[in-house]
Amino acid sequence: RIMRPDDANVAGNVHGGTILKMIEEAGAIISTRHCNSQAGEPCVAALARVERTDFLSPVCIGEVANVSAEITYTSRHSVEVQVNVMSENILTGAKKVTNKATLWYVPLSLKNVNKVLEVPPIQYARKEQEDEGKKRYEEQKLDRLETKQRNGDLIFPIINPEPHTVGYSQSSLIHLVGPSDCTLLGFVHGGVTMKLMDEVAGIVAARHCKTNIVTASVDAINFHEKIKKGSVITISGRMTFTSNKSMEIEVFVDADPFVDEPRERYRAVSAFFTYVSLSKEGKPLPVPQLLTETEDEKRRFEEGKGRYLQTKAKRQAQMQQAAQQ
Amino acid sequence: RIMRPDDANVAGNVHGGTILKMIEEAGAIISTRHCNSQAGEPCVAALARVERTDFLSPVCIGEVANVSAEITYTSRHSVEVQVNVMSENILTGAKKVTNKATLWYVPLSLKNVNKVLEVPPIQYARKEQEDEGKKRYEEQKLDRLETKQRNGDLIFPIINPEPHTVGYSQSSLIHLVGPSDCTLLGFVHGGVTMKLMDEVAGIVAARHCKTNIVTASVDAINFHEKIKKGSVITISGRMTFTSNKSMEIEVFVDADPFVDEPRERYRAVSAFFTYVSLSKEGKPLPVPQLLTETEDEKRRFEEGKGRYLQTKAKRQAQMQQAAQQ
Amino acid sequence: RIMRPDDANVAGNVHGGTILKMIEEAGAIISTRHCNSQAGEPCVAALARVERTDFLSPVCIGEVANVSAEITYTSRHSVEVQVNVMSENILTGAKKVTNKATLWYVPLSLKNVNKVLEVPPIQYARKEQEDEGKKRYEEQKLDRLETKQRNGDLIFPIINPEPHTVGYSQSSLIHLVGPSDCTLLGFVHGGVTMKLMDEVAGIVAARHCKTNIVTASVDAINFHEKIKKGSVITISGRMTFTSNKSMEIEVFVDADPFVDEPRERYRAVSAFFTYVSLSKEGKPLPVPQLLTETEDEKRRFEEGKGRYLQTKAKRQAQMQQAAQQ
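Residues numbered from 1 in each chain as written. Chains lettered and ligands numbered in written order. Predicted model: local features only at pLDDT ≥ 70, side-chain atom pairs only at ≥ 80, totals over all residues. Heavy atoms only, no water.

## Some remarks on the overall build of chain A
Okay, step 1: In terms of regular secondary structure, chain A is built from 5 helices and 11 strands.
Okay, step 2: Its C-alpha atoms give chain A a radius of gyration of 20 Å, within 12% of the compact-globule value 20 Å for 325 residues.
Okay, step 3: Viewed in the frame of its principal axes, chain A has a C-alpha envelope of about 60 × 55 × 40 Å.
Okay, step 4: Residue burial in chain A is summarised as follows: out of 325 residues, 56% are buried.
Okay, step 5: The contacts in chain A between residues at least 6 apart in sequence include a share of 72% that link residues at least 24 apart.
Okay, step 6: Element-wise, carbon and sulfur atoms account for 52% of the exposed surface of chain A, whose accessible area totals about 15200 Å².
Okay, step 7: Counting 42 positive and 41 negative side-chain charges, chain A places the centres of these two groups 2 Å from one another. (Helix = DSSP H or I, 4+ residues; strand = E, 2+ residues; numbered from the N terminus. Rg over C-alpha atoms; globule rule 2.2 N^0.38 Å. Buried < 20%, exposed > 50% of the residue type's maximum accessible area, 1.4 Å probe, protein only. Contact = heavy atoms within 4.5 Å. Areas by Shrake-Rupley, 256 points an atom, 1.4 Å probe, with all protein chains shown as cover. Lys, Arg positive; Asp, Glu negative; His and termini not counted. Charge placed at Lys NZ, Arg CZ, Asp CG, Glu CD.)

In structure tokens:
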């Protein structure tokens, strides 16, 4: 679809969140279609996890985003979908790869939302494809268990914070979940949640460096808990780490099913977003260093540094591998 | 894309206007891409005309609409695009043809919006294709001239009208044209206008028969005048004709470029929509006859009857032809 | 949330209606949460009244609006909420108070929409807070009774009106109430209605003075009647009074529950909006005087003048009080 002014920031770059939402919609369509391809109980595919995603090049207003999706692995109860986004300038004809994302879906019965159904297996062209898929499946399963632990954290407001401290840029947003945010089962689309998360992360980044910013990547996101129509969701973001040219922001989503439900507020999703700061000409700018004050902030900064170095090392290894081929 | 609750009426049927908007977006993308495919002045394709469109089967919330577009003819200054819409129930896998629409676009220079550029010619597989396209081109050109005449009409409000009269159901809507409604040139997308026209026509139809209604077809629409960002547009609709099971509604779009422009209000578009009334089970219901009072209303009723009988005759001829093959 | 291009007019100022909608959403969330805080019948808080609201400074595209809400009084069946809106320019860090609004909500049972439930009492820090709240409660109750009387008025269209007459700028808009406009109970959010009212008032103001205009204040609005999903609402506005630098516009909302309901069209809401005209540099411009023709128009002009002088006197008294402290 054509990118509109409302999809973009003041500098005309389309928000990462808009792209994430389109990716998720494509993933939800292909996996729901696949899971209903054999006679049996009708179901809706619910997003369980998005793998780490890099935004390779910014998209601008007026460009057309082409989204294509393919099922690359199925386990007994889950589907792996690969989604590619190309942006196309229809005036010049230029095309660029914007994103490659991997998403995991789980089929939930339309009659009983707590029942996970079986996934029809796909055919693999080669045996190795199945083995590689299985390896990815095991890895993400392990990773999901890990992040579940981290999910207890809270963000408290700080009064009169100094510039460049964590408290100075931290932000939160509340949203009342309406019908258009939801699937046929009455639960929030994963893509809607990701769009809101990106919005908060973007505000945190802009508050920190007071320049035009764009999403560079999103760490793996796990959707542990469903969010029901009519809930109020609070999306909070705080900066955890800065390198010379990037910022890492942790985002939490808490749901409050306050009508018709005896349930307490709960943590539904959390994730790390990485942003870069851009000059008016679109060149990367240096980022002011994050000032950490408490022990927790210092610990999170070190953890962020660890993730940053790990990603950097991984990327260098990939580039060397590519160079050798 | 997946159809959402907001795309549909209370009975769950997607508004014809949502479909028309998707069709036009697809047409604008493919024709803008084609017109920029050769080095030269960059341009944006502007909608000039939509041929008569039948809504063959209703689309429901939760279904996926698949839109495909193809360029079928080019004249020196215009492009004919054929757009097909299929709706797919991703739970059952059932697919249905929803629409086949033909649209005409004209390339306008990005630097000078009043300059119409030349269209790169397409290659035809067979000579007959080009001849048939040329015939369609000549026909629509003639038809555009004709409707331009009709465009002087105005709708005056009636005080305390009786049920089933023209004055009882006539309705109008104003809309302030925002950035998201517009192309890169700062003029309203044809699809946005058509969506608003369908909205008004639907309200007229519902006011007349007080039941659930759906768009059955849209007569050819000509876009004589561009509408600029920041304009206020008034969309007015009045019923012109009823058969046993259908209603014809005439819709006018008037634009008022009131900020920063010396220009008077002008008629930008007009068209005829046909609606049918449906029971809760989705079966067509009889429509209360339209009560005509003035001479003009009686004349328009007879003209509507003429269009209705002509369309009916054409459809029967097509069915006989199909039966003979 | 970040203000988008579609939230704003051509000059980049965010529509008052967008702010009103955000205020109401915050009020609805906090009061629904409070009314469900004790075990008992689940309920949804419905907007009953908004007190007079001044727009203290315009908000621009790209700024972040921070909305905070607090419950300031509870009677047996109603909740008073105070909402503050700050706009923040995240590039410069500058913050401004945009709005302070007071809203009244009533808890309606989720099982039976016609049943008003009891509100859990809040604790007051000081006895005077309770007394002051009670006084505000009594005042608004009285005022609600009064405005109910006024609600019989109708707007009739005028043919070929002269510039600067009432008939020249009066406007009306119809809107089909969709799912996203509604609460869990299936009734229109008060904020959605206010946004549409501001849209019509803005068009009336722009038609009168043909310049860029912004909302300066909204008089108290009472929501006497609920509006159901699937209704068609007609929002009509007419100018009632002009001072040298401001315009007062009266706006009516009529609902037509035409599908599946035997009920006649009814007046749901009415209110007065005040607008000012701005030059390209954002300075207030003189407003052309409203030409009144009929007796009713002259009477309404005098009434508007009364409200204008009263508000002016009140503001001067407040400023003197502030100066003495």
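After that view of the structure, there is still more to cover.
## Section: the domain arrangement of chain A
How large an interface is tends to be reported as the accessible area lost when its parts come together.
Residue and element names in this part refer to chain A.
Okay, step 1: Each assigned domain of chain A is listed with its residue range as follows: domain 1 (2–146) and domain 2 (166–324).
Okay, step 2: Here the C-alpha centre of domain 2 lies 19 Å away from the C-alpha centre of domain 1.
Okay, step 3: Listed by partner, the interface residues are 27 residues for domain 1 and 29 residues for domain 2.
Okay, step 4: Of the roughly 2300 Å² buried between domain 1 and domain 2 on both sides combined, carbon and sulfur atoms contribute 60%.
Okay, step 5: The largest contributions to the domain 1 side of the interface with domain 2 come from Leu20, Lys21 and Arg52, which together make up 23% of the buried area. (Domains from an automatic or database assignment. Buried area = accessible area lost by both parts, 1.4 Å probe.)

## Things to note about the UniProt feature "active site" (unreviewed entry) in chain A
Residues and elements named next belong to chain A.
Okay, step 1: Summarizing the sequence annotation, UniProt attributes the feature "active site" (unreviewed entry) to Asn9 and Asp198 in the numbering used throughout. In sequence the annotated residues extend across 190 residues, while in space they remain close, none of their C-alpha pairs exceeding 12.1 Å.
Okay, step 2: The buried category is assigned to Asn9, whose relative accessible area is 18%.
Okay, step 3: Here Asn9 is in contact with His15, Asn212, Ile213 and Val214, once residues within four sequence places are set aside.
Okay, step 4: Note on placement: Asp198 falls in helix α4 (residues 190–209).
Okay, step 5: You can call Asp198 buried: its relative accessible area is 4%.
Okay, step 6: Setting aside its immediate chain neighbours within four residues, Asp198 contacts His15, Gly16, Gly17, Thr215, Phe273 and Tyr275.
Okay, step 7: At a separation of 3.5 Å, a polar atom in the side chain of Asp198 contacts the main-chain amide nitrogen of Gly16. (UniProt positions renumbered as here; feature names shortened; annotations may be inferred. Polar contact = N/O pair within 3.5 Å; in protein donor to acceptor, adjacent residues only side chain to side chain.)

## Topic: the packing of helix α1 (residues 16–35) of chain A against α4(A)
All names here are of chain A.
Okay, step 1: Running from amino to carboxyl end, α1 crosses α4 at an angle of 170 degrees, the nearest separation of the two axes being 8 Å. In terms of orientation, α1 and α4 fall into the roughly antiparallel class. For the pair formed by α1 and α4, the contact residues are Gly16, Gly17, Thr18, Leu20, Lys21 and Glu24 on the first element and Gly190, Gly191, Val192, Met194, Lys195 and Asp198 on the second.
Okay, step 2: Of the residues assigned to the contact of α1 with α4, the class counts are 3 nonpolar, 5 polar and 4 charged. (Axes fitted to C-alpha atoms, helices over the stretch in contact; angles between N-to-C directions. Parallel < 35°, antiparallel > 145°, perpendicular 65-115°, else oblique. Nonpolar A, V, L, I, M, F, W, Y, C, P; charged D, E, K, R; others polar.)

## Concerning the packing of aromatic side chains
Okay, step 1: Taken as a whole and assessed by the stated rule, the structure comprises 18 aromatic pairs over all chains.
Okay, step 2: Between Tyr73(B) and Tyr137(B) the ring centres are 6.2 Å apart and the planes differ by 40 degrees, which places this aromatic pair in the tilted class. Of this pair, Tyr73(B) sits in strand β3 (residues 64–74) while Tyr137(B) sits in helix α2 (residues 127–150), placing them 64 residues apart in sequence.
Okay, step 3: Of the residues examined, Tyr137(B) reaches a relative accessible area of 17% and is grouped as buried.
Okay, step 4: An aromatic cluster is defined as three or more aromatic residues linked by ring pairs; in this entry it consists of Tyr73(A), Trp104(A), Tyr124(A) and Tyr137(A).
Okay, step 5: The cationic tip of Lys226(B) hangs over the ring face of Phe187(B); the distance from NZ or CZ to the ring centre is 5.6 Å.
Okay, step 6: Lying over the aromatic face of Phe272(C), Arg307(C) brings its terminal NZ or CZ to 3.7 Å of the ring centre. (Phe/Tyr/Trp six-rings, centres within 6.5 Å; stacked < 30°, edge-to-face > 60°. Lys NZ or Arg CZ within 6 Å of the ring centre and 35° of its normal.)

## A word on the interface of chain A and chain C
Okay, step 1: With 24 residues of chain A at the interface, the matching set in chain C holds 26 residues.
Okay, step 2: At the boundary of chain A with chain C, total buried surface from both sides reaches about 2100 Å², with 63% on carbon and sulfur atoms.
Okay, step 3: Scanning the region where chain A abuts chain C turns up 2 salt bridges.
Okay, step 4: Glu88(C) is the partner of Arg207(A) in a salt bridge, and the nearest nitrogen-oxygen pair spans 2.2 Å.
Okay, step 5: In this structure, the connection of chain A to chain C is made through 3 residue pairs in polar contact (both at pLDDT 80 or more).
Okay, step 6: Looking at the side of chain A that touches chain C, the elements with two or more residues in it are β6 (171–176) and α4 of chain A.
Okay, step 7: When residues in the side of chain A that touches chain C are grouped by element, the largest group, 5 residues, is from α4(A).
Okay, step 8: Of the residues that constitute the side of chain A that touches chain C, the class distribution is 10 nonpolar, 5 polar and 9 charged. (Salt bridge = Lys/Arg side-chain N within 4 Å of Asp/Glu carboxyl O.)

## Let's talk about the state of the cysteines
All names here are of chain B.
Okay, step 1: Summed over the entire model, instances satisfying the criterion amount to 0 disulfides over all chains.
Okay, step 2: The thiol of Cys209 is unpaired, and the distance to the nearest cysteine sulfur, on Cys60, comes to 19 Å.
Okay, step 3: A residue is classified by how much of its surface remains accessible, and Cys209, at 10% relative accessible area, is buried. (Disulfide = S-S within 2.5 Å.)

## Some thoughts on the relation of the copies chain A and chain C
Okay, step 1: Rotating chain A by 121 degrees and moving it 0.1 Å along the rotation axis overlays it on chain C with an RMSD of 0.2 Å. Such a combination of turn and shift is consistent with a three-fold rotation axis. (Least-squares fit on C-alpha atoms with pLDDT ≥ 70 in both.)

## Observations concerning a nonpolar patch on the surface
Okay, step 1: Taken together, the side chains of Ile61(A), Leu110(B) and Leu184(B) present a nonpolar region at the surface, about 220 Å² in accessible area.
Okay, step 2: Summarising the element assignment, Leu184(B) is placed in the loop between β6 (171–176) and α4 (190–209). (Patch = residues over 30% accessible without salt bridge, like charges linked within 9 Å, V, L, I, M, F, W, Y side chains within 5 Å.)

## Some remarks on helix α5 (residues 295–324) of chain C
Okay, step 1: The terminal C-alpha atoms of α5(C), which comprises 30 residues, lie 44 Å apart, in line with the 44 Å expected from a rise of 1.5 Å per residue.
Okay, step 2: The set of residues buried in α5(C) consists of Glu297(C), Arg300(C), Phe301(C) and Gly304(C). (Expected span 1.5 Å × (residues − 1).)

## A look at the environment of Arg263(B)
Residues and elements named next belong to chain B.
Okay, step 1: Note on placement: Arg263 falls in the loop between β10 (247–256) and β11 (266–278).
Okay, step 2: Classification of Arg263 as partly exposed rests on a relative accessible area of 38%.
Okay, step 3: Put simply, Arg263 and Val200 are 63 residues apart on the chain and 25 Å apart in space, counted from C-alpha to C-alpha.

## Observations concerning the pattern of salt bridges
Residues and elements named next belong to chain C.
Okay, step 1: Scanning the entire structure with this criterion turns up 50 salt bridges over all chains.
Okay, step 2: In this structure, Arg238 engages Glu250 in a salt bridge whose closest nitrogen and oxygen atoms are separated by 3.3 Å. Here Glu250 lies in strand β10 (residues 247–256) and Arg238 lies in strand β9 (residues 232–242), a separation of 12 residues in the sequence.
Okay, step 3: The buried category is assigned to Arg238, whose relative accessible area is 4%.
Okay, step 4: Look at Glu250 and you get buried, because its relative accessible area is 3%.
Okay, step 5: Across the pair Glu303 and Arg299 runs a salt bridge whose closest N-O atoms are separated by 3.0 Å.

## Topic: unusual backbone geometry
Okay, step 1: Positive phi, close to 50 degrees, is recorded for Lys210(B), a residue that is not glycine.
Okay, step 2: Examined against the element boundaries, Lys210(B) turns out to sit in the loop between α4 and β7 (212–218).

## A short note on the side chain of Ser57(C)
Residues and elements named next belong to chain C.
Okay, step 1: Inspection of the secondary structure assignment puts Ser57 in the loop between β2 (53–54) and β3 (64–74).
Okay, step 2: You can call Ser57 buried: its relative accessible area is 15%.
Okay, step 3: In terms of polar contacts, Ser57 uses its side chain to reach the backbone carbonyl oxygen of Val97, at 3.2 Å.

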